[in-house]
Amino acid sequence: MITFDIITIFPEMLSSYIKESLISRAQKKKLIKINVHNLRKWTHDNHQTVDDRPFGGGLGMVIKIEPVYKAVQFLKSKFKNQNVKLKKTKVILFTPRGKKFNQKMAHDLSKLDQIIFICGRYEGVDERVAQKIADMEVSIGDYDLMGGELPAMVCIEAISRLIPGVLGKEALLKERITKTGGFIEYAQYTRPEVFSPKKGINWKVPKVLLSGDHKKIEEWKKEHGKVIE
Ligand code: ADE
């Protein structure tokens, strides 16, 4: 079972997603476990302060290192205290300048026992979190979001669907995974064979798919597929 531990200051953002059908079913089947942790739990002042002004000036606030450090230590020790063999854990910090998330990364991460996601917010996170605490920085694309919560959901979904039993259609999934951990996405059609939204307009399904000739169909799929890596 893979455990996702998400550290965030907006735990509510993730709660409905976690209750969603396939993700919730995967948790019930004990294939994955998602824990959402409020970073404020690891603060000690009355205001539960998680951010502060940046040294050197600048607008906006920066997430402090102390609560993040304590949260990560606590979540790592959870497994160390169980007398089980050393778990494969990675700590990931979401930032737009991180390594670009892709299918291969999802594949590699799906082999771990625990992933701790640190979701940034405000103007950023104290740089020492990236340097000293996180094992890697990950971006889900070249655009700036308001925080790491959506990236966490994106990664959890891409990783979870690769875990045997989550989709319940492993044979289908296997067929579409390349040797290097990429994924083949191809065009698909279903009935009707001809869709006519208006008189004289006929949108047809490629003939080869209706031919029953499996070899030709496989060739067509290869030709029209795109490998996502
Ligand atoms: N935080 C803000 N933007 C992000 C992005 N594109 N990917 C990951 N984390 C982010």
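Residues numbered from 1 in each chain as written. Predicted model: local features only at pLDDT ≥ 70, side-chain atom pairs only at ≥ 80, totals over all residues. Heavy atoms only, no water.

Caption draft 1: Quick look at the overall build of the protein chain. Within the protein chain one finds 9 helices and 12 strands. Whereas a compact globule of 229 residues would reach a radius of gyration of roughly 17 Å, the protein chain reaches 22 Å, over 25% beyond that. Across its three principal directions, the C-alpha atoms of the protein chain cover 70 × 45 × 30 Å. Residues classed as buried in the protein chain amount to 40% of the 229 residues present. Pairs at least 24 residues apart make up 73% of the contacts formed inside the protein chain by residues separated by at least 6 positions. Taken as a whole, the protein chain presents about 14,500 Å² of accessible surface, with 55% of it coming from carbon and sulfur. Of the charged side chains in the protein chain, 41 are positive and 27 negative, and the gap between their average positions amounts to 6 Å. (Helix = DSSP H or I, 4+ residues; strand = E, 2+ residues; numbered from the N terminus. Rg over C-alpha atoms; globule rule 2.2 N^0.38 Å. Buried < 20%, exposed > 50% of the residue type's maximum accessible area, 1.4 Å probe, protein only. Contact = heavy atoms within 4.5 Å. Areas by Shrake-Rupley, 256 points an atom, 1.4 Å probe, with all protein chains shown as cover. Lys, Arg positive; Asp, Glu negative; His and termini not counted. Charge placed at Lys NZ, Arg CZ, Asp CG, Glu CD.)

Caption draft 2: Broad picture of the pairing of strand β5 (residues 89-100). Relative to strand β6 (residues 114-118), β5 runs parallel, the two being bridged by 5 bridges. Bridge pairing in β6 links Ile92 to Phe117. This β-α-β element, β5 to helix α4 (residues 103-109) to β6, shows right-handed connectivity. Pairing analysis gives 5 bridges linking β5 to strand β8 (residues 136-139), with the strands arranged parallel. Across the sheet, the residue bridging to Lys99 is Val138, located in β8. (Pairing = 2+ DSSP bridges. Right-handed = clockwise from strand over helix to strand, strands pointing away.)

Caption draft 3: Inspection of the side chain of Thr43 at higher detail. Looking at the secondary structure, you find Thr43 in the loop between β2 (32-38) and β3 (51-52). Within the structure, the side chain of Thr43 is placed 2.6 Å from the backbone oxygen of Arg40, a separation counted as a polar contact. (Polar contact = N/O pair within 3.5 Å; in protein donor to acceptor, adjacent residues only side chain to side chain.)

Caption draft 4: Layout of the nonpolar core. Residues Phe4, Ile115 and Phe117 are the most contacted members of the largest nonpolar core, which totals 32 residues. For this core, the leading source of residues is helix α6 (residues 149-160), giving 6 residues. When sequence neighbours within four positions are dropped, the list of residues in contact with Phe4 reads Ile32, Lys33, Ile34, Asn35, Ile115, Phe117, Ile156, Ile159 and Ser160. Membership of the second largest hydrophobic core comes to 19 residues, among which are Ile63, Leu93, Val125 and Ala130. (Core = buried A, V, L, I, M, F, W, Y, C linked by side-chain atoms within 4.5 Å.)

Caption draft 5: Geometry of the site of the ligand. In the vicinity of the ligand, the residues found are Phe94, Thr95, Pro96, Val138, Ser139, Ile140, Gly141, Tyr143, Asp144, Leu145, Gly147 and Pro151. Thr95 places a main-chain nitrogen or oxygen 3.3 Å from a nitrogen atom of the ligand. Gly141 places a main-chain nitrogen or oxygen 3.1 Å from a nitrogen atom of the ligand. When isolated, the ligand has an accessible area of 260 Å², and the protein chains bury 96% of it. Given that more than half its atoms are within 2 Å of the pocket grid, the ligand belongs to the largest pocket. Elements supplying a minimum of two residues to the shell around the ligand: β5 and β8. Residues that form the shell around the ligand fall into these classes: 7 nonpolar, 4 polar and 1 charged. (Near = heavy atom within 4 Å. 1 Å grid on protein atoms, 1.4 Å probe; cavity = no way out; pocket = protein on both sides within 12 Å on 5 of 7 lines; lining within 4 Å. Sits in = over half its atoms within 2 Å of the grid points. Nonpolar A, V, L, I, M, F, W, Y, C, P; charged D, E, K, R; others polar.)

Caption draft 6: Seen up close, the sheet that holds β2. Taken together, 5 strands build an open sheet; the order of strands is β2-β1-β6-β5-β8 and the sheet is parallel. Edge strands, defined here as strands with exactly one partner in the open sheet, are β2 and β8. With direction set aside, neighbouring strand axes in the sheet form an average angle of 30°. Across the sheet, helix α3 (residues 65-80) lies against β1 (2-8), β2, β5 and β6, angled at about 170° from β6, the strand it touches most. (Axes fitted to C-alpha atoms, helices over the stretch in contact; angles between N-to-C directions.)

Caption draft 7: View of unusual backbone geometry. In this structure, Pro192 follows Arg191 across a cis peptide bond, with omega equal to 5°. Its place among the elements puts Pro192 in the loop between β9 (183-185) and β10 (194-195). Backbone geometry at Lys30 places phi at a positive 60°, although glycine is not the residue there. Turning to its location among the elements, Lys30 is positioned in the loop between α2 (21-28) and β2. Accessibility expressed as a relative area gives 60% for Lys30, which makes it exposed. Positive phi is not limited to glycine here, since Gln48 has a value of about 50°. Within the fold, Gln48 resides in the loop between β2 and β3. Note on Gln48: relative accessible area 36%, which makes it partly exposed.

Caption draft 8: Highlighting the domain arrangement of the protein chain. Per the domain assignment, the segments making up the protein chain are domain 1 (2-160) and domain 2 (187-228). Distance from the C-alpha centre of domain 1 to the C-alpha centre of domain 2: 41 Å. (Domains from an automatic or database assignment.)

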